[in-house]
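Report on the structure
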Amino acid sequence: MAASVREKQTVALRRMLNFNSPPLKNTSAEPVWKVLIYDRFGQDIISPLLSVKELRDMGITLHLLLHSDRDPVPDVPAVYFLMPTEENIDRICQDLRNQLYESYYLNFISAISRSKLEDIASAALAANAVSQVTKVFDQYLNFITLEDDMFILCHQNKELISYHAINRGDILDTDMESIMDTIVDSLFCFFVTLGAVPIIRCPRGNAAEMVAGKLDKKLRENLRDARNSLFSGDSMAAGQFSFQRPLFVLADRNMDMATPLHHTWTYQALIHDVLDFHLNRVVLEEGGGAEAPPAGARPKKKTRKTYDLTAADPFWQKHKGSPFPEVAESVQEELDSYRAQEDEVKRLKSIMGLEGEDEGAISMLSDNTAKLTSAVSSLPELLEKKRLIDLHTNVATAVLDHIKSRKLDVYFEYEEKLMSKSALDKSLLDIISDPDAGTPEDKMRLFLIYYITAQQAPSETDLEQYKKALMEANCDLSPLNYIKQWKAFTKMATNPTNYGSSGVKPMGLFSRVMNTGSQFVMEGVKNLVLKQHNLPVTRILDNLMEMKSHPETDDYRYFDPKMLQRGGESSIPRNKNPFQEAIVFVVGGGNYIEYQNLVDYAKSKPGRKIIYGCSELFNAPQFMKQLAQLGQK
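Residue numbers run consecutively from 1 along every chain, following the written order of its sequence. With the structure being a predicted model, the display of local features is reserved for residues of pLDDT at least 70 and the display and counting of side-chain atom pairs for 80 or more, all residues being used for whole-chain, interface and lining totals. To get the side-chain values, all heavy atoms of the structure are used, and hydrogens and water are removed first.

**Quick look at the overall build of the protein**
Put simply, the test is: The numbering of helices and of strands both runs from the N terminus, where a helix is a DSSP run of H or I of at least 4 residues and a strand a run of E of at least 2. Partly exposed residues are those whose accessible area sits between 20% and 50% of the maximum for their type, while under 20% is buried and over 50% is exposed, using a 1.4 Å probe and protein chains only. Pairs of residues are marked as contacts when any of their non-hydrogen atoms sit within 4.5 Å. Throughout, the Shrake-Rupley method with a 1.4 Å probe supplies accessible areas, and for residues the shown protein chains are the sole cover considered.
Each helix and strand in the protein was counted, giving 22 helices and 17 strands. A buried classification covers 51% of the 633 residues belonging to the protein. Put simply, of all contacts in the protein between residues at least 6 apart along the chain, 79% involve residues at least 24 apart. Entry remark: accessible area of the protein is about 29800 Å², with carbon and sulfur atoms responsible for 54%.

So, in C-alpha cells, the structure goes:
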C-alpha cells in the first residue's frame, strides 16, 4: 500500500471532479468551471478530504446540496456526487426536466441498480435531455476517511447501523440483514478504493461473523465476473506495490465494552470525549463564560467557532496522540518561539525607522535590508503559525476546563487501575459520592467499567449500596440494566478481557507549566504519563498478524475470497509469514482510544501498516445514550 487510503480516496474524488479523467499535469491551464451537486453523504465524504479552496482551484464555483432550491445555470456542466436512493433519483429526473445545467455527470457513491438507471434514462428521454447526460459512474467511495489510517462508514444516518441498532432485543431478521448489507456495501467500496482483496478473519457467532460471510461472498462474486471485476488489471497494478495481501480483522464491539466508556488522557481522544468533534472538525462555544454577568446586564451571547484539525497541521499530526500535559507544554513552547520571531520583526521595523543620516544608521540599514526582506517573506508562514497556535490554545484550554471541573485525571487514573487490576488507593463509593468529582455521567461510566472488568460481579447487597449512591448522584441507571444482561449473556466472567498491565505513572504535578507566563493553569491536575499497553482489539490483531497461537483467537474463522472452493477450516494456511498490512474493523462502533492504541502499536513494529475502521465513531456520552436506550426496554 504505497499510498494511504486517504490519498487514494482524494485522488478518486479529484478525478471525478475533473469529469472522470485524471487531472492534467500543467496547472497553468484554466480549469473548466463547473457546479458540484451532492447529497449529505457526498458532503461528508468530501469535507474531511478537500477544502473549499481546493474545490475552487479545481474549477468548482458552486457546491450545493441536491435537495436545496437551486437556480438554473444553463451554460455550465454539473458534477453530481450522491447515493443512489429513490428520492435522489427523483430529484435528478426533475433537474433534467427543468434543464438546470448544460451537461450532467452523474457519480454514484455506491453502485446503482439497473432499475434506477432505467428511471433516469426514461426521464432523460422524456425531457429530451439524453445528449446532456454525459457520463454515469459508480464511484465506490461509500466510506469516510478521517486519517491516513482511519475510516468510518457513515456519519449521516449512522443510527441505522449503530451499536443500538445491531443489539436491539426485538430486532427482526430482515432488519439485521439490511444493516449487514449496508456495512458490507461500504466495506466493499473501501477495498475497491484500496485496490486489494484481503484475507478475512473474524470471531464466531456474532455480527462480525455475518459481515465477514457477506463480504467474502460479495468479493468472490466480483472476482469471478472477470469482465467487470473491479480488482483486475490496471486498477490493481497502479495501487499495489506489495505482493502481500492485507489481513482484514473484523471485531465485534461486544468483545470490549470498557474501552468506549473509558476516560482518556491523549489529546485527540480527549477532544472527542469532552468537546463536539466530528469529521475532523471541532465546534467550541466561546464567550458566555462561567462567571455570571453583573446584575441587569444582558447575558453574553455564546458564539460558536469551528476549527478544522487536519493533516496539514503539523502540531496536530505530532501531538494528537500525546498525553494532554505534554500537549499543553508544547503549545506553550510554540507560543514562546512565535513571540520571539514576532519581536525580531518588530525590532527590525524600529531600526528601519531611524532618523538622521549619520554613517552608523546607513551601515545598519544595509545590513538590515537583507534581514527585513527575509522577515517579510516569512510573514505568511508566521501568520499561519499564529493561526494554528491560537487554534490549539483555544481547544486545549477548553479541554483543560473540562479536566479541572470534572476531575477527569482522577477518573482516568482510577479506571486504568481497575482495568489493569492493580491496587486501588480509594474506594469506588468515595468517588461516586464526592459531589465535586465529575458529572453524573462520569460516575456512571466509572461504575460500568468497574462492573464490566470485575472478576466476579459485586454481591447483591454491595450492588444495592452502589445503586443508592449512584441514584443520589442523579445517575441514570438504565445503562447498567443493559450491561448486566450483556455480562450474563457473554459470560465474560469465565475469561475476563485482559487489558494488559497499563499502569499509569504520576509524574508529580506540572512543574514547567506552572510558571507564571503560561497560558495553562494546570494546578492540581496530575501529570500522568502513559505506559504502552495493548487494548483487546490491538491484542487480537497482534495474534492474527504475527500468526501467534492464542486461545483468544485460535477459533477465528478464515475467509479467502480468492480461493475457488470454500474449504473448511483446514484451508487455514499454518506456518505463513506474518502480515505486513492489516485493517481492523469494529462492527458496532469504535473510538479514538482504540485508534491511538493501534497507532502506537504500529509504531513499535517498523514496516507494518495498520488501518482502523469502525461502523460509527462515538464518544462515551453517545455510547452511554445507546446503552441507556437498550437498558430501558
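Once you've had a look at it, read on.
**Focus: a negative patch on the surface**
Convention followed: Patches in this entry comprise residues that are over 30% relatively accessible and not in a salt bridge; like charges within 9 Å are linked, as are nonpolar side chains (Val, Leu, Ile, Met, Phe, Trp, Tyr) within 5 Å. In what follows, salt bridge is the name for a side-chain nitrogen of Lys or Arg lying within 4 Å of a carboxyl oxygen of Asp or Glu. Under this rule, positive means Lys or Arg and negative means Asp or Glu; His and the chain ends count for nothing. Each charge is placed at NZ for Lys, CZ for Arg, CG for Asp and CD for Glu.
A contiguous patch of negative charge, built from Glu86, Glu87, Asp90 and Asp119, is present on the exposed surface. Top element by residues in the negative patch is helix H4 (residues 86-98). It accounts for three residues. Position of aspartate 119 among the secondary structure elements: in helix H5 (residues 114-126). The exposure class assigned to aspartate 119 is partly exposed, which follows from its relative accessible area of 39%.

**Digging into helix H8 (residues 207-224)**
We apply this condition: Multiplying 1.5 Å by the helix residue count minus one yields the expected span of that helix.
The end-to-end C-alpha separation of H8 is 26 Å, in line with the 26 Å expected for 18 residues at 1.5 Å each. Every buried residue of H8 is accounted for by Ala207, Ala208, Glu209, Val211, Ala212, Leu215, Asp216, Leu219, Arg220 and Asn222.

**Thoughts on the side chain of asparagine 88**
Note that asparagine 88 resides in helix H4. For asparagine 88, the contacting residues outside a window of four places in its chain are Asp39, Leu66, His67, Leu82 and Met83.

**Remarks on the pattern of salt bridges**
One side chain can pair with another of opposite charge once the charged atoms of both are near each other. According to the stated counting rule, one finds 32 salt bridges in the structure shown. In this structure, the salt-bridge partner of lysine 320 is glutamate 147, at a minimum N-O distance of 2.5 Å. In this pair, lysine 320 sits in the loop between helix H11 (314-319) and helix H12 (324-352) while glutamate 147 sits in strand E6 (residues 144-147), placing the two residues 173 residues apart along the sequence. Of the two residues, lysine 320 and glutamate 147, neither departs from the other in class, the shared state being buried. Among the salt bridges present, the one from glutamate 344 reaches arginine 347, with a minimum N-O distance of 3.4 Å. Placement of both glutamate 344 and arginine 347 in helix H12 is noted, with a separation of three residues, approximately one turn of the helix. What makes arginine 347 partly exposed here is its relative accessible area of 39%. Each of Asp273, Arg406, Asp442 and Arg445 takes part in one network of salt bridges that share partners.

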